[in-house]
Amino acid sequence: MSLDLVKNVRICEVGMRDGLQNEKAIAFDANGVPMRDKAGNFVYKDAVDENGQPKLSKSGKPVKESFVLSVENKVELLKKMFAAGFKVIEVGSFVHPVKVPQMANTDEVFKAIVAEGVPADVELRALIPNARGVDRAIACGCKKVKLNVSASKGHNLANLNCTPAESVAKFKECVEKAEANGIGISGSISMAFGSPWDYNGVPMDDVKEIVEAYMNVGINEISLSDASGMAYPTQVYDMCTEMKKCYPENDWWLHFHNTRGLAIANIIAGMQAGFYQFDASFAGVGGCNFVPNATGNVATEDVIHALDQMGVNTGIDLDQCMAISRRVVEMLQHDTDSYILKAGASKDLRLELPKGQ
């Protein structure tokens, strides 16, 4: 029995934002080898202020130094993604540079890539927290922005310092300003499939309430996100089936972190329910600041490889995709959570039979 899957899939490359925003500066030893602790985890540099004193968090713990890719590095990656066939790319976010230093140059990246030229069929987007983010998009030439709210009240308080209801109340101003300036706008719902603060799960009715809030202000492109990495295939299928039945007019995306190794299985479950748009992150880079031990969004090359094997069209060249992820690893100077970068593509695995014992 064959799987009943969609035949064409769109991938949004979110490594530029969801991946890089979590990067910290790794400490290296005298031989230039990344340092690790006894458990095998990377050791990160402590951040210091202008006087050379350690920066401390509100709880008194050392703050780790952020790793920021240059504008030139980011533009290089964008151009490689254009060539590889990516049509939707999340370039960064318009958030406060103190809160997310890795995204501080997002405005300059947009200005630089717009000046060089963006293919007409490529959509570049950015995450925004509020109406000020729309202003920044207008100023730098960004033509698509995305709002976010958490289905978990606890997570939304930790991430945005307000309740989901308070977040929803701010959507209308953002939408009106974006539309008045010819900027597209979409919405995402993080923790839609589970949250470490909601021990009995996130009720589907809570997710529907946020979907309807987006729709009430004119947003019909909505992403369901599993930032906690808690989703599982039957749950994903049920959620997607219900959303398509109740809100058939919406344009849906799915966003899975691979924390527990189920991201590709969850994508396949979404495809069986008729969803065809998915986020992925080059080399599997990323994490979630508010979820312990969270890994990044599923590796783009892993997704493309799996879909290629199943005969599903993405329009993205796997070899070029893998080359981009290798370049990312080179820039970041550490290994990542990508199966295909470690094992290679199945099509390239060729061994000669032994000639004798």
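Residue indices begin from 1 for each chain and proceed along its sequence in written order. Given that the model is predicted, a residue must reach a pLDDT of at least 70 before its local features are reported, and side-chain atom pairs must reach 80 or more before they are shown or counted; all residues, however, enter totals for whole chains, interfaces and linings. To obtain the side-chain values, all non-hydrogen atoms of the structure were used and water was disregarded.

### Quick notes on the layout of surface pockets
Thinking step 1. Using only the protein atoms, space was sampled on a 1 Å grid; points where a 1.4 Å probe fits but cannot get out form cavities, open sets with protein on both sides within 12 Å along at least five of seven lines form pockets, and lining residues are those with an atom within 4 Å of a point. Grid points are joined across faces, edges and corners, and a volume is the space filled by probe spheres set on the points. Estimated volume of the second largest pocket: approximately 220 Å³.
Thinking step 2. Contributing elements (two or more residues each) for the lining of the second largest pocket: α6 (164-180) and α7 (204-216).
Thinking step 3. Runs of H or I in DSSP of at least four residues are treated as helices and runs of E of at least two as strands, each being numbered from the N terminus. Considering every element that reaches the lining of the second largest pocket, the biggest residue donor is α7, with four residues.

### Here's the deal with helix α2 (residues 71-84)
Thinking step 1. Multiplying 1.5 Å by the helix residue count minus one yields the expected span of that helix. A rise of 1.5 Å per residue sets the reference length of α2, with its 14 residues, at 20 Å; its end C-alpha atoms lie 20 Å apart and thus fit the reference within 8%.
Thinking step 2. Accessible area is worked out with a 1.4 Å probe on protein chains only. A residue is then buried under 20% of its type maximum, exposed over 50%, and partly exposed in between. What α2 keeps buried is the set Val71, Lys74, Val75, Leu77, Leu78, Met81, Phe82 and Ala84.
Thinking step 3. The contact criterion used throughout is that any non-hydrogen atoms of two residues lie within 4.5 Å. As for α2, its buried residues are in contact with β1 (10-13), α1 (15-19), β2 (88-93), α3 (106-116), β3 (123-127) and α11 (318-332).
Thinking step 4. Immediately downstream of α2, the backbone of glycine 85 shows phi near 110 degrees, a positive value.

### Let's talk about unusual backbone geometry
Thinking step 1. Here methionine 191, not a glycine, exhibits a phi torsion of approximately 60 degrees, which is positive.
Thinking step 2. With respect to the helices, strands and loops of the structure, methionine 191 is situated in the loop between β5 (184-190) and α7.
Thinking step 3. Among the residues examined, methionine 191 registers a relative accessible area of 0% and is labelled buried.
Thinking step 4. Phi angles above zero are rare outside glycine, and glutamine 333 is one such case at about 65 degrees.
Thinking step 5. Among the secondary structure elements, glutamine 333 is positioned in the loop between α11 and α12 (339-343).

### Some remarks on the pattern of salt bridges
Thinking step 1. Any Lys or Arg side-chain nitrogen found within 4 Å of a carboxyl oxygen on Asp or Glu counts as a salt bridge. This model, assessed by the stated rule, comprises 21 salt bridges.
Thinking step 2. Put simply, aspartate 107 and arginine 136 hold a salt bridge, and the shortest N to O gap is 2.5 Å. Taken together, the residues aspartate 107 in helix α3 and arginine 136 in helix α4 (residues 131-140) connect sequence positions 29 residues apart.
Thinking step 3. The class for aspartate 107 is buried, based on a relative accessible area of 16%.
Thinking step 4. Residue classification places arginine 136 among the buried residues on the basis of a relative accessible area of 14%.
Thinking step 5. Between lysine 208 and glutamate 242 there is a salt bridge, with its nearest N and O atoms 2.6 Å apart. One end of the pair, lysine 208, is in helix α7; the other, glutamate 242, is in helix α8 (residues 233-246), and 34 residues separate them in sequence. Here the two residues lysine 208 and glutamate 242 agree in accessibility, since each one is buried.
Thinking step 6. Linked by salt bridges that have partners in common, Arg17, Asp18, Glu90 and Lys146 make up one network.

### Structural notes on the nonpolar core
Thinking step 1. Judged by nonpolar contacts, the single largest core of 93 residues is most densely connected at Leu78, Ile89, Ile189, Val207 and Leu224.
Thinking step 2. Beyond its immediate chain neighbours, meaning those up to four positions away, isoleucine 89 contacts Cys12, Glu13, Met16, Leu78, Met81, Phe82, Val122, Glu123, Leu124 and Arg125. By nonpolar core we mean a set of buried residues, namely Ala, Val, Leu, Ile, Met, Phe, Trp, Tyr and Cys, connected to one another through side-chain atoms within 4.5 Å.

### Focus on the side chain of lysine 146
Thinking step 1. With respect to the helices and strands, the residue lysine 146 is situated in strand β4 (residues 144-150).
Thinking step 2. Leaving out residues up to four positions away in the same chain, lysine 146 has contacts with Arg17, Glu90, Arg125, Ala126, Leu127, Ile128, Ser186, Gly187, Ser188 and Asp279.

### Overview of the state of the cysteines
Thinking step 1. Cysteine sulfur atoms are paired as a disulfide whenever they come within 2.5 Å of each other. Per the counting criterion, the structure on display carries zero disulfides.
Thinking step 2. In this structure cysteine 12 is a free cysteine whose sulfur lies 12 Å from that of cysteine 142, the closest cysteine sulfur available.
Thinking step 3. With a relative accessible area of 0%, cysteine 12 lands in the buried category.

### Remarks on empty space enclosed by the protein
Thinking step 1. Considering all chains together, one arrives at two cavities of 30 Å³ or more under this definition.
Thinking step 2. Here the largest cavity defines a volume of roughly 40 Å³.
Thinking step 3. Taken together, Arg125, Lys146, Ser186, Gly187, Glu221, Ile222, Ser223, Trp253 and Asp279 make up the lining of the largest cavity.
Thinking step 4. At three residues, the largest contribution of residues to the lining of the largest cavity is made by strand β6 (residues 221-226).
Thinking step 5. Here the second largest cavity is characterised by a volume of approximately 30 Å³.
Thinking step 6. Three categories are distinguished: nonpolar for Ala, Val, Leu, Ile, Met, Phe, Trp, Tyr, Cys and Pro, charged for Asp, Glu, Lys and Arg, and polar for the others, with Gly belonging to the last. Per-class residue counts for the lining of the second largest cavity are three nonpolar, six polar and two charged.

### Digging into the packing of α4 against α6
When two helices pack together, you describe them by how their axes are tilted relative to each other and by the distance separating the axes.
Thinking step 1. Between the N-to-C directions of two axes lies an angle of 0 to 180 degrees, each axis being a line fitted to C-alpha atoms and, for a helix, fitted only over the stretch in contact. Two elements in contact, α4 and α6, have axes whose closest approach is 8 Å; the angle formed by their N-to-C orientations is 15 degrees. When the axis of α4 is compared with that of α6, the two are roughly parallel. For the element pair α4 and α6, the recorded crossing hand is right-handed. Residues Ala131, Val134, Asp135 and Ile138 of α4 form the contact with α6, whose participating residues are Glu173, Cys174, Lys177 and Ala178.
Thinking step 2. Its residues placed into classes, the contact of α4 with α6 shows five nonpolar, no polar and three charged. We call two directions roughly parallel when the angle between them is under 35 degrees, roughly antiparallel when it is over 145, roughly perpendicular when it lies between 65 and 115, and oblique otherwise. Note on convention: near helix rotated counterclockwise from far helix by under a right angle means a left-handed crossing. Clockwise means right-handed.

### Some remarks on the environment of isoleucine 264
Thinking step 1. Mapping isoleucine 264 onto the fold places it in helix α9 (residues 263-272).
Thinking step 2. Using a relative accessible area of 28% as the deciding quantity, one classes isoleucine 264 as partly exposed.
Thinking step 3. Among all residues touching isoleucine 264, those that are not within four sequence positions of it are Val298, Asp302, Val303 and Ala306.

### A word on α4
Thinking step 1. When α4 is considered as a whole, its buried residues turn out to be Ala131, Gly133, Val134, Arg136, Ala137 and Cys140.
Thinking step 2. Buried residues along α4 sit against β2, α3, β4 and α6.
Thinking step 3. Two N or O atoms count as a polar contact when they lie within 3.5 Å, although within protein this holds only if one can serve as hydrogen donor and the other as acceptor, and sequence-adjacent residues are included solely when both atoms are side-chain atoms. Two to three positions downstream of the cap, the backbone nitrogen of arginine 132 sits 3.1 Å from a side-chain oxygen, assigning the N-cap of α4 to asparagine 130.
Thinking step 4. Just downstream of α4 lies glycine 141, where phi reads positive at about 95 degrees.

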